[in-house]
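Topology and contacts: notes
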Amino acid sequence: MTRMEFLKKYCLKVAAVLAMLAVLVYLFSHALGLTKSSLHTTPVRRITDHQVTSATAYLFRDERVLYADGAGLVDPLVPNGSKVGKNVSVARFYPKSLDGSEIVALQNAIDKENRYIEILEDSVSVANEPVSRANGYRELARLEYQGIRDAITKGRFSDLGASEEDFLIQLNRYMLLSGKDPTLEDVLETIRAEKEARLGGRYEEIKNSDDGEARTSGTFYDSSYVDGYESVFSSSLLEELTLEEFEALQKSSAQSEDGTVVGKMIYGYSWYVALTVEADVAQLFEEGRSYTFSFPENGDVSITFSLERRDDGADSSLLIFSSSDTPAGFDYHRVQNVEITVDSVEGFYIPQSALQQRKSGDGGEESGVYVFENSVIRFRRIEILYEGDGYCIVAPPDISSVTELTKNDILVTSGRDLYDGKGY
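On a predicted model such as this, the values are computed, not experimentally measured, just so you know.

1. Quick look at the overall build of the chain
The number of helices and strands found in the chain is seven helices and 18 strands. Within the chain, the proportion of its 424 residues that are buried is 36%. Put simply, of all contacts in the chain between residues at least 6 apart along the chain, 74% involve residues at least 24 apart. For the chain, the accessible area works out to roughly 24,500 Å², and carbon and sulfur atoms hold 49% of it.

So this is what it looks like as structure tokens:
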């Protein structure tokens, strides 16, 4: 085949392939915004931006541990979290001449039986209700069961104990009213008899008595809530606590006295958290101002605290907050991670790529953005309230005499050769 014959045969095919490639390149460049006239836009939206910092918080409360002399068994008389008055009995102490391992085994058995008794007492409390309510309790049991599964899936294990008890109570109520398990009261009496047989003998009443301080009513918690730091992280220390003293407290060991721990009393309505933050973060806090604390290890519970006082060092500061909020089911671990909402700003969200600068009428510079309006690019002035990582918050026109931007304007986030008045 001669050269001329080759060109005649394949020239048309090559030209068609090149034309197709040109079309693909054109479409591809438009898809990626590579052409000169391409624009990326988004509607202007109004948001509330929260400025959050995290820290390790230590809990301080007015607490007193209750002890009994010698070794023995403890049988609480009131539920955890109960309000009790002065000289009210909170537990019974049964002295026992047993070695340590035997005491521990017996006490574990008593604690388990008390839990069973509490669940069964709540279960049989509906014995005289009409049978028609049985299906309602079955539905409540189903919801509790679903909540337990969701908590396990999300890794939230702190509330599983209480959820399990609620599930068993609702299920027992359904079984009792539906006639599928009429023996719950017999089981309850059997467990009560077994517990009394384990305890046996004489006992001593443990009361919320006067310890020399002006304390009256308080809240009782059993020995499982005692961590040994009640006297170390006492609220009485906070009035004059310094940054250096707080750092020393964090290295302290748990304290204990001779005898058997019965439980502890919590006095007063206020409780406190103390934490340290770096000096630049500390500047964001003001004494007397309230802040929202979130507790990630406590089901993300949010509690409002007020900054009581601070002690500033060269590189960090001690901040002491107080609160009178006591959410139901909150776990007062001595040390917890917290996330604090330091400030919040409401306005228009503007990505960094959309920000523009131009000469102002007085020879300086003014900040603004481009918007796409009626096929024309227009410049709009803005007043920046807060600059974050890759974005800023702009004051809306109802609070700023500078901002010309309005909600739902078509904001130009990127483009080439942009200027005020450019048509598309």
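2. Observations regarding the sheet that holds strand 3 (residues 72-76)
Judged by pairing direction, the sheet is antiparallel, and its three strands sit side by side in the order 3-5-6 without closing on themselves. In the strand order of this sheet, the two ends are held by strand 3 and strand 6 (204-207), each with one partner. Geometrically, the sheet is characterised by an average inter-axis angle of 30° between neighbouring strands, direction not taken into account. Looking at chain direction, strand 5 (residues 89-95) and strand 6 are connected through four bridges and run antiparallel. What sits directly across from R92, in strand 6, is E205.

3. Overview of the packing of aromatic side chains
Counting across every chain of the model gives 21 aromatic pairs. Each ring, one from F293 and one from F321, has its centre 4.9 Å from the other, and the planes form 70°; the classification is edge-to-face. A residue pair is termed long-range when its members are at least 10 positions apart, and F293 in strand 9 (residues 290-295) and F321 in strand 11 (residues 316-323) qualify at 28 residues. No difference in accessibility class separates F293 from F321, as the two residues are buried.

4. Notes on the pattern of salt bridges
For the coordinates displayed, the defined rule picks out 22 salt bridges. E165 serves as the salt-bridge partner of R115, at 2.9 Å between the closest nitrogen and oxygen. Within this pair, whereas R115 is found in helix 2 (residues 100-124), its partner E165 is found in helix 4 (residues 160-177), the two being separated by 50 residues in sequence. The exposure class assigned to R115 is partly exposed, which follows from its relative accessible area of 27%. Measuring nitrogen to oxygen at the nearest pair gives 2.6 Å for the salt bridge that ties R192 to E189. In this pair, R192 and E189 are both assigned in helix 5 (residues 184-199), three residues apart and thus about one turn of the helix distant. Overall, the relative accessible area of 44% leaves E189 in the partly exposed class. Salt bridges sharing partners connect three or more residues here, namely R61, E63, D227, E230, K264 and R334.

5. A word on the nonpolar core
Side chains of nonpolar character tend, in soluble globular proteins, to be buried together. Membership of the largest hydrophobic core comes to 23 residues, with the highest contact counts inside it found for W271, L275, F285, F293 and F321. Within the residue set of this core, elements represented by two or more residues are strand 2 (46-68), strand 8 (260-278), helix 7 (279-282), strand 9, strand 10 (301-312), strand 11 and strand 12 (335-351). The greatest single-element share of this core, amounting to four residues, is contributed by strand 8. A68, V84, F93 and M265 belong to the second-largest nonpolar core, a separate cluster that totals 13 residues.

6. Some words on the environment of T153
Counting through the fold element by element, T153 comes out in helix 3 (residues 134-153). Only 2.9 Å separates the side chain of T153 from the backbone oxygen of R149, close enough to count as a polar contact.

Cut-offs applied
- Residues numbered from 1 in each chain as written.
- Predicted model: local features only at pLDDT ≥ 70, side-chain atom pairs only at ≥ 80, totals over all residues.
- Heavy atoms only, no water.
- Helix = DSSP H or I, 4+ residues; strand = E, 2+ residues; numbered from the N terminus.
- Buried < 20%, exposed > 50% of the residue type's maximum accessible area, 1.4 Å probe, protein only.
- Contact = heavy atoms within 4.5 Å.
- Areas by Shrake-Rupley, 256 points an atom, 1.4 Å probe, with all protein chains shown as cover.
- Pairing = 2+ DSSP bridges.
- Axes fitted to C-alpha atoms, helices over the stretch in contact; angles between N-to-C directions.
- Phe/Tyr/Trp six-rings, centres within 6.5 Å; stacked < 30°, edge-to-face > 60°.
- Salt bridge = Lys/Arg side-chain N within 4 Å of Asp/Glu carboxyl O.
- Core = buried A, V, L, I, M, F, W, Y, C linked by side-chain atoms within 4.5 Å.
- Polar contact = N/O pair within 3.5 Å; in protein donor to acceptor, adjacent residues only side chain to side chain.

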